[in-house]
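Spelled out from the first residue to the last, the chains are:
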Amino acid sequence: MRMSLKVNGQAIETEISPISRLSGFLRDVLGLTGVKEGCCEGECGACTVLLDGQPVDSCLMLAFQATGREITTIEGLCGSGVNDLQQAFLKMGAVQCGYCTPGMVLAAEGLLHANPSPGEAEIRHALAGNICRCTGFETIVQAVATAAAARQGAER
Amino acid sequence: MNALAVSAPVDMAELRATLAAEAGPVHFVAGGTDMLIAGRPLPETGLLIDLARVAGMAFISTDGTDVRIGGATTVAALAADCRLRVRIPALCEAAAQCGSVQIRNRATIGGNIANAAPAADLMPVLVAAGTRLALLKHDGTQYEAALCEYLPNSGHLITEVILPERGLLPRSAFVKLGSRQDMTISRLNLALLAEFQSNHFGVVRVAAGALGPVSSRLHRAEVALAGRKLGAATLRDFIAALIDEVDTAIPGRNSQLHKRRAVAGLGLDLIAQAMGLSPRDRLFEEAAG
């Protein structure tokens, strides 16, 4: 079937199998390998992308359902560089093996979009669908809190 | 064998026409969060209908006497709806505790019901509220049925979830217990809707999930509270009734011992939430003691 959507700001029109997962389409057809496939059952969050700005598990969404929608992957968050949130992850040591990081960053972006100044409990609740097996989560929560505080400061 | 075809109707009229015109098997997808779990077979033939674009299937109407919710309304929308929280806070609470933010942004109330998981978090609240469903058959006819009469394998589409006014009691609560605090499948969940005036319970409805194949009312627990004064003695009777319900529901199961202890604590948390009290209030210590 034919579908059209926007991925990282770019309009795309393509043929797609009706039962292709969005994660597979992004990785295998568009080559956006920042989208990680972990569990394929919505437990790990490694495949998180933003669908019209909201975090979703791309492994649990059929690609054709993204017709007419806008998808943001980690590759589209800040062009070729890293944004302030990604910089905070680096600064706080919140990246070890890095497999969970794209999903974690996009889930955090979704949170900061909806709630620009979250408390620690709110950050932990928002990231509950993203599993990291290396860092122990402390530095990830600190990174999100640091980026949130910096953004709030920049707005004042 | 014909390959799987896809349809994405934009409104109810197109949905009805699409259904009526399809002679082969029909599959529905809305959020897809249950359908696409790894290892589950995906449809290969027939017609797959995307419900996520159907105008008139994603709404929350709280203005009338009954609360009406479109079948394709997301769990995130339920959790965030302030007017729904005024009418039935327990449903918003249950929605807020479903899965992760990623799941809630896609999963729908109709899917939660149709998937019929024993631990589905919205179900105890809906059961306690005496929910009715508006259903659409393949021939385009629409009918209403009580939630407890709904057969998930019927293939009939849940277009609306109706919470009748008489079921929307002024106090409500939802609590769950899982293997961790967030993003967890309920090992046990409880919902309560109740009248409460002058420190006395009136009509009470209690339902539990993950105690059997489907969520169900706990009538003995309801009797333990109905018409009685809120106090340690009443709560002790309530806990005893809850434990009795567990013993009746899962006799001899490996989880029986764990759940009969868990339900006691969860039951007190349920009352605390419904009354707006701290679970550490002395009343609950006395009841648990």
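Residues numbered from 1 in each chain as written. Chains lettered and ligands numbered in written order. Predicted model: local features only at pLDDT ≥ 70, side-chain atom pairs only at ≥ 80, totals over all residues. Heavy atoms only, no water.

Before we move on, can you summarise the overall build of chain A with the specific residues and values?
Scanning chain A from terminus to terminus reveals 5 helices and 5 strands. If you list the helices and strands of chain A from N to C, you get β-β-α-β-β-β-α-α-α-α. Scaling as 2.2 N^0.38, a compact globule of 156 residues should have a C-alpha radius of gyration of about 15 Å, and chain A matches this with 15 Å. Partitioning the intrachain contacts of chain A with sequence separation of at least 6 by distance along the chain shows that 58% fall at a separation of at least 24. Only carbon and sulfur atoms are counted for the fraction: they give 50% of the accessible area of chain A, which is about 6700 Å². One way to put it: in chain A the 11 positive side-chain charges average out to a point 3 Å from where the 16 negative ones average out. (Helix = DSSP H or I, 4+ residues; strand = E, 2+ residues; numbered from the N terminus. Rg over C-alpha atoms; globule rule 2.2 N^0.38 Å. Contact = heavy atoms within 4.5 Å. Areas by Shrake-Rupley, 256 points an atom, 1.4 Å probe, with all protein chains shown as cover. Lys, Arg positive; Asp, Glu negative; His and termini not counted. Charge placed at Lys NZ, Arg CZ, Asp CG, Glu CD.)

Mind laying out the pairing of strand β10 (residues 188-197) of chain B, listing which residues take part and the relevant values?
For a regular strand, the rule is simple: side chains alternate between the two faces of the sheet. Residues and elements named next belong to chain B. Among the 10 residues of β10, 8 are classified as buried, and the element is accordingly described as predominantly covered. Bridging between strand β9 (residues 171-177) and β10 involves 7 bridges; their strand directions are antiparallel. Residue pairing in the sheet places V175 in a bridge with L190 of β10. Between β10 and strand β11 (residues 200-209), which follow one another and run antiparallel, lie 2 residues, and S198 among them has a positive phi close to 50 degrees. (Buried < 20%, exposed > 50% of the residue type's maximum accessible area, 1.4 Å probe, protein only. Pairing = 2+ DSSP bridges.)

Break down the nonpolar core for me, with residues and values.
Residues and elements named next belong to chain B. Ranked by size, the top nonpolar core spans 68 residues in total, and within it I69, I113, L122, L126 and L163 carry the most contacts. The element that contributes the greatest number of residues to this core is helix α7 (residues 122-128), accounting for 6 residues. Ignoring any residue separated from it by four or fewer positions in sequence, one finds L126 in contact with L91, I109, I113, T131, L147, V161 and L163. Ranked by size, the runner-up nonpolar core spans 38 residues in total, among them L188, A224, L230 and L268. (Core = buried A, V, L, I, M, F, W, Y, C linked by side-chain atoms within 4.5 Å.)

With reference to specific residues and values, describe the packing of aromatic side chains.
Residue and element names in this part refer to chain B. Applying the stated rule across the entire model yields 1 aromatic pair over all chains. Between the aromatic rings of F196 and F201, the centroid separation amounts to 5.1 Å while the plane-to-plane angle is 65 degrees, which identifies the pairing as edge-to-face. Residue classification places F196 among the buried residues on the basis of a relative accessible area of 16%. The class of F201 is buried, set by a relative accessible area of 3%. (Phe/Tyr/Trp six-rings, centres within 6.5 Å; stacked < 30°, edge-to-face > 60°.)

So, the packing of helix α2 (residues 84-91) of chain A against helix α5 (residues 138-155) of chain A: which residues are in play, and what are the values?
All names here are of chain A. Between α2 and α5, the shortest axis-to-axis distance is 8 Å and the interhelical angle comes to 135 degrees. On the basis of the axis angle, α2 is oblique to α5. Between α2 and α5 the crossing geometry is right-handed. Counted together, D84, L85, A88 and F89 of α2 and I140, A143, V144, A147 and R151 of α5 form the full contact between these two elements. (Axes fitted to C-alpha atoms, helices over the stretch in contact; angles between N-to-C directions. Parallel < 35°, antiparallel > 145°, perpendicular 65-115°, else oblique. Left-handed = near helix turned anticlockwise from the far one by under 90°.)

Any details on the interface of chain A and chain B? Residues and values, ideally.
For an interface, size is often stated in terms of accessible area lost upon the parts coming together. Opposite the 33 residues of chain A that make contact, chain B presents 27 residues. Taking both sides of the interface into account, the surface hidden between chain A and chain B amounts to around 2400 Å²; carbon and sulfur atoms contribute 57%. Summed over the shared surface of chain A and chain B, the number is 0 salt bridges. At the junction of chain A and chain B, the tally comes to 13 residue pairs in polar contact (both at pLDDT 80 or more). Residue assignment for the side of chain A that touches chain B shows that the elements contributing at least two residues are β3 (48-51), β4 (54-57) and α4 (120-126) of chain A. Among the elements that make up the side of chain A that touches chain B, the one with the highest residue count is β4(A) (4 residues). Among the residues making up the side of chain A that touches chain B, the classes are represented as 17 nonpolar, 10 polar and 6 charged. (Buried area = accessible area lost by both parts, 1.4 Å probe. Salt bridge = Lys/Arg side-chain N within 4 Å of Asp/Glu carboxyl O. Polar contact = N/O pair within 3.5 Å; in protein donor to acceptor, adjacent residues only side chain to side chain. Nonpolar A, V, L, I, M, F, W, Y, C, P; charged D, E, K, R; others polar.)

Before we move on, can you summarise unusual backbone geometry with the specific residues and values?
Trans peptide bonds make up the majority, and among non-glycine residues the majority have a negative phi. Unusually for a residue other than glycine, A:F137 sits at a positive phi of about 75 degrees. Take A:F137: it is sitting in the loop between α4 and α5. The phi dihedral of B:M183 is positive, around 50 degrees, even though this residue is not glycine.

Describe the domain arrangement of chain B, listing the residues and the values that go with them.
All names here are of chain B. Structurally, chain B comprises domain 1 (5-115 + 130-163) and domain 2 (169-288). Taken together, the 8 residues of domain 1 in the interface contact 7 residues of domain 2. Of the roughly 720 Å² buried between domain 1 and domain 2 on both sides combined, carbon and sulfur atoms contribute 60%. Seen at the junction of domain 1 and domain 2, the total is 0 salt bridges. Class assignment of the residues belonging to the side of domain 1 that touches domain 2 gives a composition of 4 nonpolar, 3 polar and 1 charged. (Domains from an automatic or database assignment.)

Go over the layout of surface pockets, please, and point to the residues and values.
By volume, the second largest pocket is sized at about 840 Å³. Lining the second largest pocket are 35 residues, and of these A:Q54, B:A76, B:V101, B:R104 and B:N105 lie nearest its centre. Every element with two or more residues in the lining of the second largest pocket is listed here: β4, α3 (101-114) and α4 of chain A together with α2 (75-80) and α5 (101-104) of chain B. Ranked by residues supplied to the lining of the second largest pocket, first place goes to α3(A) with 5 residues. Within the lining of the second largest pocket, the residues separate by chemical class into 19 nonpolar, 11 polar and 5 charged. (1 Å grid on protein atoms, 1.4 Å probe; cavity = no way out; pocket = protein on both sides within 12 Å on 5 of 7 lines; lining within 4 Å. Points joined across faces, edges and corners; volume = space filled by probe spheres on them.)

Go over the environment of B:L177 with me, naming the residues and quoting the values.
All names here are of chain B. Among the secondary structure elements, L177 is positioned in strand β9. In this structure, the C-alpha to C-alpha distance between L177 and A262, residues 85 residues apart in sequence, is 7.9 Å. In contact with L177, other than residues within four places in its own chain, are I185, S186, R187, L188, H258, A262 and L266.

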